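The residues making up each chain are set out below.
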Amino acid sequence: MGKILNRQPLKALYLVYVATSLVFVKLPFWTLYYLPRSTRPRRAWTLKRTLIVRTIQTLFATGRNVDMRGGPKPAVAAKLDDDDKVLRDAHAKSAWIEPIPEELFCGELKRYAEITGVEPVRIPGYWLLKKGYEWTSHRAMPGEKTVLHFHGGAFTIGTARPTDVTANFTRGLLEHSETISRTFAVDYRLAASAPRPQINAFPAALLDCLAGYWYLVQEAGFAPQNVIIAGDSAGANMALAIVRHLVENPHPALPPPGGLVLASACLDLMVSRCGPEASTTRNSPTDIFGAPPPGELFAKYSVVSYLGALPLEEADTSRYISPMSLHVKPGPEGLCKGFPESYIVAGGAERIMDDSVALKERMDADGVKAVLDIPPDAVHDFVVFTWHEPERTETLKRIAGWIDSK
């Protein structure tokens, strides 16, 4: 706040106004108004959840009006330190992920990269350990399973560090799984655009995520069938895209993983399903982020940043960027043939629920075994929010059981 006050005093004053009105006006009013269950956005919600969701909605709306993002993080972290107290306290370890080998830099990812000017780079990754796990090496034990996680954050915010809220996803899987002792998360490059410098456009993050999978299989020695790739929100988009790249560009050293777990997947960036019966409309009052102003693209900054030099139509027609868009036409073999078994999670109260429903339908049509799990009163990315109980724990237990059964 001090930096904003010094550099942008009007923005600082506005934020003070928002915070003050939220604490002293809105929250007291909401508390009284939502005391009767009949007035809550969802009758099943507790008063606490209602107040949390309304607060988050206010903060997201403030973010649309006042840009609070910092500058983009460097493409390569300066150093990693396992003696970092934060990592020790979080039962975590760090690792360097080297760029993918040249033979994997191919296909559509290579074509897109030539347009946007991105290259594979070295990036960090973070192991998250089950409580009580004794770390000896990054190398896999015989038959060991793990989860490779790509965090959410609309392609422009977040981190794979274990302090990020998205780490609660894999932390919960570790807690409830009987076969997973550690997970690995990729600190992929984040996209940015005006008013910042354009940086890390598509497919920079995908190249990093692919490198993370290569690291687990070739450096750490995990068998591909023992790796479950998981992603939440934008991370789920990238998880699906990585598997698509592996299926469309077979490489003997890097087959597709043993499974996919996709939570609140963002798979239609241009929101092609937008009628009155679409989840983007029905669930606008109940999700953590509401609808954008009329005529404005949802999450416009994220979409523009992720595309970089690519034309906007790519966000509507590319199977790598928006695979569940109504304007992406399946080929003769469909869109998901050859994909591994998948567990698809969405919230029944979230705006992009239809993306997950469409993916399940597409996988069914293409002969891919998939589970669709939609708790009816859950919001977007609820698996990362520890306040979202009991749905969060119940869902994590089901996912963990699915992983353990594989």
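For clarity, every value in this text was computed on a predicted model and none was experimentally measured. (Residues numbered from 1 in each chain as written. Predicted model: local features only at pLDDT ≥ 70, side-chain atom pairs only at ≥ 80, totals over all residues. Heavy atoms only, no water.)

Enquirer: I keep staring at the overall build of the protein chain and nothing clicks. Help me out?
Expert: When helices and strands are tallied, the protein chain shows 13 helices and eight strands. Against the globule reference of 22 Å for 406 residues, the protein chain gives a C-alpha radius of gyration of 21 Å, in line with a compact fold. Viewed in the frame of its principal axes, the protein chain has a C-alpha envelope of about 60 × 50 × 45 Å. Of all 406 residues assigned to the protein chain, the portion counted as buried reaches 55%. Pairs at least 24 apart in sequence give 77% of the contacts found in the protein chain among residues at least 6 apart. (Helix = DSSP H or I, 4+ residues; strand = E, 2+ residues; numbered from the N terminus. Rg over C-alpha atoms; globule rule 2.2 N^0.38 Å. Buried < 20%, exposed > 50% of the residue type's maximum accessible area, 1.4 Å probe, protein only. Contact = heavy atoms within 4.5 Å.)

Enquirer: Looking at this structure, I do not really get the nonpolar core. What am I missing?
Expert: General note: in soluble globular proteins, nonpolar side chains tend to be found buried as a group. If you look at the biggest cluster of nonpolar residues, it comprises 73 residues, and the most contacted ones within it are Leu148, Phe150, Phe202, Ile229, Met238, Leu359 and Met363. Top contributing element to this core by residue count: helix H7 (residues 204-219), with twelve residues. Non-local contacts of Phe150, meaning those with residues more than four positions away in its chain, are made with Val186, Tyr188, Cys209, Ile229, Ala230, Gly231, Asp232, Gly235, Met238, Ala239 and Ile242. Ranked by size, the runner-up nonpolar core spans 35 residues in total, among them Leu128, Leu173, Ala230 and Tyr343. (Core = buried A, V, L, I, M, F, W, Y, C linked by side-chain atoms within 4.5 Å.)

Enquirer: Can you help me understand the pairing of strand S2 (residues 123-129) in this one?
Expert: Side-chain direction in a regular strand flips from residue to residue, so the side chains alternate between the two faces of the sheet. Taking burial as the measure, the seven residues of S2 include seven buried ones, the bulk of the element. Across the two faces of S2 the burial is the same, with Ile123, Gly125, Trp127 and Leu129 and Pro124, Tyr126 and Leu128 all buried. As judged from the six bridges shared by strand S1 (residues 92-97) and S2, these two strands associate in the antiparallel manner. Each residue of the ladder has a partner; that of Ala95, found in S2, is Gly125. (Pairing = 2+ DSSP bridges.)

Enquirer: I'm lost on the sheet that holds strand S8 (residues 370-373) in this one. Help?
Expert: Think of a sheet as strands paired side by side through backbone hydrogen bonds, with each pair either parallel or antiparallel. Pairing is mixed in the open sheet, where eight strands are placed in the order S1-S2-S4-S3-S5-S6-S7-S8. Since the sheet does not close on itself, it has two edges, and those belong to S1 and S8, each with one partner. Each neighbouring strand pair of the sheet contributes to a mean axis angle of 20°, computed without reference to strand direction. Along the sheet, helix H8 (residues 234-248) contacts strand S3 (145-150), strand S5 (227-232) and strand S6 (259-263); its crossing angle with S5, the most-contacted strand, is approximately 140°. (Axes fitted to C-alpha atoms, helices over the stretch in contact; angles between N-to-C directions.)

Enquirer: In this structure, what is going on with the pairing of S6? I would like to understand it.
Expert: Counted residue by residue, S6 has five buried out of five residues, so it is predominantly covered. Of the two faces of S6, the one carrying Gly259, Val261 and Ala263 and the one carrying Leu260 and Leu262 are both buried. Across five bridges, S5 lies against S6 in parallel orientation. Its bridge partner being in S6, Gly231 is matched across the sheet by Leu262.

Enquirer: When you look at helix H12 (residues 353-365) in this model, what are you seeing that I'm missing?
Expert: Every α-helix winds through 3.6 residues per turn, so residues three or four apart in the chain are directed the same way. Its 13 residues place the ends of H12 19 Å apart at the C-alpha level, agreeing with the 18 Å of an ideal helix rising 1.5 Å per residue. Along H12, the residues classified as buried are Met353, Asp354, Asp355, Ser356, Ala358, Leu359, Lys360 and Met363. Buried residues in H12 make contact with H8, S6, helix H9 (279-282), strand S7 (342-345) and S8. One or two positions beyond H12, positive phi appears at Gly367, with a value near 80°. (Expected span 1.5 Å × (residues − 1).)

Enquirer: What is the right way to look at the side chain of Arg42 in this model?
Expert: In this fold, Arg42 is placed in the loop between helix H2 (9-33) and helix H3 (47-65). Assessed through its relative accessible area of 19%, Arg42 is described here as buried. Among all residues touching Arg42, those that are not within four sequence positions of it are Asn283, Thr286, Gly348, Ala349, Pro376 and Asp377.

Enquirer: Looking at this model, I keep getting lost on the pattern of salt bridges. Mind explaining?
Expert: A side chain of one charge can pair with a side chain of the opposite charge when the charged atoms of the two come close. The full count for this structure, using the stated rule, is 15 salt bridges. Here Glu391 and Arg49 are joined by a salt bridge, their closest N and O atoms 2.5 Å apart. Of this pair, Glu391 sits in helix H13 (residues 391-405) while Arg49 sits in helix H3; the two residues are 342 residues apart in sequence, bridging distant segments of the chain. Relative accessible area serves as the criterion here: at 11%, Glu391 is assigned to the buried category. Where Arg122 meets Glu98, a salt bridge forms, and the shortest distance between an N and an O atom there is 3.0 Å. (Salt bridge = Lys/Arg side-chain N within 4 Å of Asp/Glu carboxyl O.)

Enquirer: Would you take a moment to explain the packing of aromatic side chains for this structure?
Expert: Two descriptors summarise a pair of aromatic rings, namely the distance from one centre to the other and the angle between the planes of the rings. Using the criterion set out here, one finds 14 aromatic pairs in the structure. When the centroid spacing of 5.5 Å and the interplanar angle of 90° are considered together, the rings of Phe60 and Phe289 count as edge-to-face. Residue Phe60 is located in helix H3, and its partner Phe289 is located in the loop between H9 and helix H10 (300-307); the two are separated by 229 residues in the primary sequence. Its relative accessible area of 38% is what places Phe60 among the partly exposed residues. (Phe/Tyr/Trp six-rings, centres within 6.5 Å; stacked < 30°, edge-to-face > 60°.)

Enquirer: Explain the confidence of the model for the protein chain here, please?
Expert: Parts of the model with low pLDDT should not have their predicted coordinates read in detail. Residue-level pLDDT values for the protein chain average 92, and 93% of them are 70 or greater. Segment residues 1-6: pLDDT under 50, and nine contacts once partners within four positions in sequence are set aside and those in other chains are kept. (pLDDT = per-residue confidence, 0-100.)

Enquirer: How should I be thinking about the side chain of Asp366 in this particular structure?
Expert: With respect to the secondary-structure elements, Asp366 resides in the loop between H12 and S8. Side-chain polar atoms of Asp366 contact the backbone nitrogen of Cys336, separated by 2.7 Å. Not counting residues within four places of it along the chain, the set of residues in contact with Asp366 comprises Glu333, Gly334, Leu335, Cys336 and Lys337. (Polar contact = N/O pair within 3.5 Å; in protein donor to acceptor, adjacent residues only side chain to side chain.)

Enquirer: Can you help me understand the packing of helix H6 (residues 167-176) against H13 in this one?
Expert: Interaxial distance between H6 and H13 falls to 9 Å at its minimum, and their mutual angle equals 65°. H13 is crossed by H6, and the crossing has right-handed handedness. Facing Asn168, Phe169, Gly172, Leu173 and His176 of H6, the residues of H13 in contact are Arg392, Thr393, Leu396, Lys397, Ile399, Ala400, Ile403 and Asp404. (Left-handed = near helix turned anticlockwise from the far one by under 90°.)

Enquirer: Hey, could you run me through H13 in this one?
Expert: For H13, spanning 15 residues, the distance from its first C-alpha to its last is 21 Å, which sits close to the expected 21 Å at 1.5 Å a residue. Taken together, the buried positions of H13 are Glu391, Arg392, Thr395, Leu396, Ile399, Ala400, Trp402 and Ile403. Projected onto a plane normal to the axis of H13, the buried residues spread over an arc of 155° and lie on a single side. (Arc of directions from axis to C-beta.)

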